[in-house]
Amino acid sequence: MKYSVDENGFYGDFGGAFIPELLHHNCDELKAAFDKYFYTEEFQSEFRGLLKDYVGRPSPLYYAPKLSEKFGTNILLKREDLNHTGAHKVNNTIGQALLAKRMGKTKILAETGAGQHGVATATICALLGLECTVFMGEIDIARQAPNVARMKMLGATVVAATSGSKTLKDATNEAIRYWINNPETYYLIGSVVGPHPYPAIVAEFQAIISEEIRKQLLEKYGKETPDYVIACVGGGSNAAGAFYHFLDDEEVKLIAVEAAGLGVDSGETAATMQKGSEGIIHGSKTMLMQDEDGQIVEPYSISAGLDYPGVGPLHAHLFKTGRGTFLNATDDEALQAAFLLTKEEGIIPALESSHALAVLEKIDFKPQDIVVLNLSGRGDKDLETYMKFSEKYS
Ligand SMILES: *Cc1c(COP(=O)(O)O)cnc(C)c1O
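Cut-off values and rules
Residues numbered from 1 in each chain as written. Predicted model: local features only at pLDDT ≥ 70, side-chain atom pairs only at ≥ 80, totals over all residues. Heavy atoms only, no water. Helix = DSSP H or I, 4+ residues; strand = E, 2+ residues; numbered from the N terminus. Rg over C-alpha atoms; globule rule 2.2 N^0.38 Å. Buried < 20%, exposed > 50% of the residue type's maximum accessible area, 1.4 Å probe, protein only. Pairing = 2+ DSSP bridges. Contact = heavy atoms within 4.5 Å. Axes fitted to C-alpha atoms, helices over the stretch in contact; angles between N-to-C directions. Polar contact = N/O pair within 3.5 Å; in protein donor to acceptor, adjacent residues only side chain to side chain. UniProt positions renumbered as here; feature names shortened; annotations may be inferred. Phe/Tyr/Trp six-rings, centres within 6.5 Å; stacked < 30°, edge-to-face > 60°. Lys NZ or Arg CZ within 6 Å of the ring centre and 35° of its normal. Near = heavy atom within 4 Å. Areas by Shrake-Rupley, 256 points an atom, 1.4 Å probe, with all protein chains shown as cover. Nonpolar A, V, L, I, M, F, W, Y, C, P; charged D, E, K, R; others polar. Domains from an automatic or database assignment.

To continue, consider the overall build of the protein. When you go through the protein residue by residue, the secondary structure sums to 17 helices and 14 strands. The C-alpha radius of gyration computed for the protein amounts to 19 Å, which stays within 12% of the reference 21 Å derived for 394 residues, consistent with globular compactness. If one aligns the C-alpha atoms of the protein with their principal axes, the spans along those axes are about 55 × 45 × 40 Å. Across the 394 residues of the protein, 61% fall into the buried class.

On to the sheet that holds strand β6 (residues 131–137), then. Here we have four strands laid out as an open sheet, ordered β7-β6-β5-β8, and parallel in their pairing. Looking at strand neighbours, the two that pair on one side only are β7 (157–161) and β8 (186–187), the edges of this open sheet. Sheet contacts for helix α8 (residues 168–181): β5 (107–112), β6, β7 and β8; angle to β5, the most-contacted strand, approximately 160 degrees.

Let us look at the environment of serine 165. Within the fold, serine 165 resides in the loop between β7 and α8. As for serine 165 and isoleucine 139, which are separated by 26 residues in sequence, their C-alpha atoms are 8.0 Å apart. The contacts of serine 165, once residues within four sequence positions are left out, are Ile139, Asp170 and Glu298. Of note is the side chain of serine 165, whose polar atom sits 3.1 Å from the side chain of threonine 167.

Structurally, lysine 31 can be placed in helix α1 (residues 21–37). Residue class for lysine 31 comes out partly exposed when judged on its relative accessible area of 28%. Taking the C-alpha atoms as reference points, lysine 31 and glycine 118, 87 residues apart in sequence, are found 23 Å from one another.

Before going further, it helps to examine the UniProt feature "domain: Tryptophan synthase beta chain-like PALP" (unreviewed entry) in the protein. The feature "domain: Tryptophan synthase beta chain-like PALP" (unreviewed entry), as annotated in UniProt, sits at residues 56–377 in this numbering. Annotated as residues 56–377, this span is 40% helix and 20% strand, and its ends, taken at the C-alpha atoms, are 14 Å apart.

What follows concerns the UniProt feature "modified residue: N6-(pyridoxal phosphate)lysine" (unreviewed entry) in the protein. The sites that carry the UniProt feature "modified residue: N6-(pyridoxal phosphate)lysine" (unreviewed entry) are, in the present numbering, Lys89. Positionally, lysine 89 belongs in helix α4 (residues 89–102). Setting aside residues no more than four positions away along its own chain, lysine 89 makes contact with Gln116, His117, Ala120, Gly190 and Gln206.

The subject of this paragraph is the packing of aromatic side chains. In this structure the tally under the stated criterion is 19 aromatic pairs. Ring centres of phenylalanine 34 and tyrosine 39 lie 5.9 Å apart, and the angle between their planes is 80 degrees; on these two criteria the pair is classed as edge-to-face. By relative accessible area, tyrosine 39 is classed as exposed at 56%. Ring plane angle 85 degrees and centroid distance 4.9 Å describe the contact between tyrosine 228 and phenylalanine 365, whose orientation is recorded as edge-to-face. One end of the pair, tyrosine 228, is in strand β9 (residues 228–232); the other, phenylalanine 365, is in the loop between α15 (351–358) and β14 (370–375), and 137 residues separate them in sequence. Of the two residues, tyrosine 228 and phenylalanine 365, both sit in the buried class. Aromatic rings pair up to connect Phe34, Phe38, Tyr39, Phe43, Phe47 and Phe205 into one cluster. Note that lysine 70 overlies the ring of phenylalanine 71, its terminal NZ or CZ placed 5.7 Å from the centroid. Directly above the ring of tyrosine 228 sits lysine 253, whose terminal nitrogen or CZ lies 4.9 Å from the centroid.

The next thing to look at is the site of the ligand. The immediate surroundings of the ligand are formed by 17 residues, with Lys89, Ser191, Gly236, Ser237 and Ser376 found nearest. At 3.2 Å, a backbone N or O of glycine 235 approaches an oxygen atom of the ligand. Across the complex, the protein chains shield 96% of the 380 Å² of accessible surface that the ligand would expose by itself. Of the residues assigned to the shell around the ligand, the class counts are four nonpolar, eleven polar and two charged. Mapping the shell around the ligand onto the domain boundaries places at least three of its residues in each of domain 1 (24–50 + 89–202) and domain 2 (56–86 + 207–393).

By secondary structure assignment, the location of aspartate 382 is in the loop between β14 and α16 (383–388). A relative accessible area of 5% places aspartate 382 in the buried class. The contact partners of aspartate 382, leaving out residues within four places of it in the chain, are Ala350, Leu351 and Glu352.

Set out below in structure tokens:
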């Protein structure tokens, strides 16, 4: 249990709840509700019932024959792209919405970058009859129009965040400000970030991914552990879910992939571990990109889901202890990997997931290795970007 959260919400040196006094009550209330309900049979049966029949879980663990041949090893794709709403995000939104309902909350607040978390939240709010408000950066609203339309059709109110760089970080700042003024709302955070207990509970809801991987590997290979688990990291929720049940199996190599943007040293990057240092962002002590004065450095990635200037405290801990290996992939490498997967396996990945795919050629695998790659989402939302580059890469 070396890598789990302690009772104060810390993973080693990272985590905690650095928030205004006013919000401590909300976080304590959430922690109490999680402890009270999550482990009950009643909650588990509703949660798992929805994951099965509404989301379509378990998601397949697909042996990719052509990728395996190309990289000279055994590559298995965990198909989170096949989930309802198109990514892993829905695992968490269902879990938190079921908690919110039991807490008597009727209004849900969320932030979103590319819109995937906003769509997943609006979806579950429609299903459970909850009121939904989503903060989204003005620039992201413009570049992710189809997801804005989906949220609106699902009945959510989309509020433009107009401060700062008008992207995810600013949407999060404005969502937190709204929460301070409306503490009766339930703030449904979309990744393993924010004040304790959010990173821990989001990881628990996403842990279904590695729970399934273990069962699926046992069925396929008679052994529950792979040699590698690879996942992309924005805030870190799909990686946390894919790593969770392997954290204490030290022989399983955990590979987290950040977005390098135009290059780690280009000044246009989201490679937090390479360029970041310890600090506090959105209520949590973690690794983040900041200048000497502690001002957040604007992140950049072609993928709107990965351009977050921080990373969840669990990942900062995995980085510092060396339990996790943090690699990165540039825009260019991610696009190449996206076209490769599409051409070879007939699967169009999300741009975020393409970053994970891009490191396959950077690792020296053995022929007998079992490599699980978490394909966090599908590429429908990214088609416009892919089309812009289709001549260059296909
Ligand atoms: C949001 C998103 C991510 C990044 O978020 P994490 O919390 O790091 O998982 C990755 N992939 C897809 C498809 C996403 O929608």
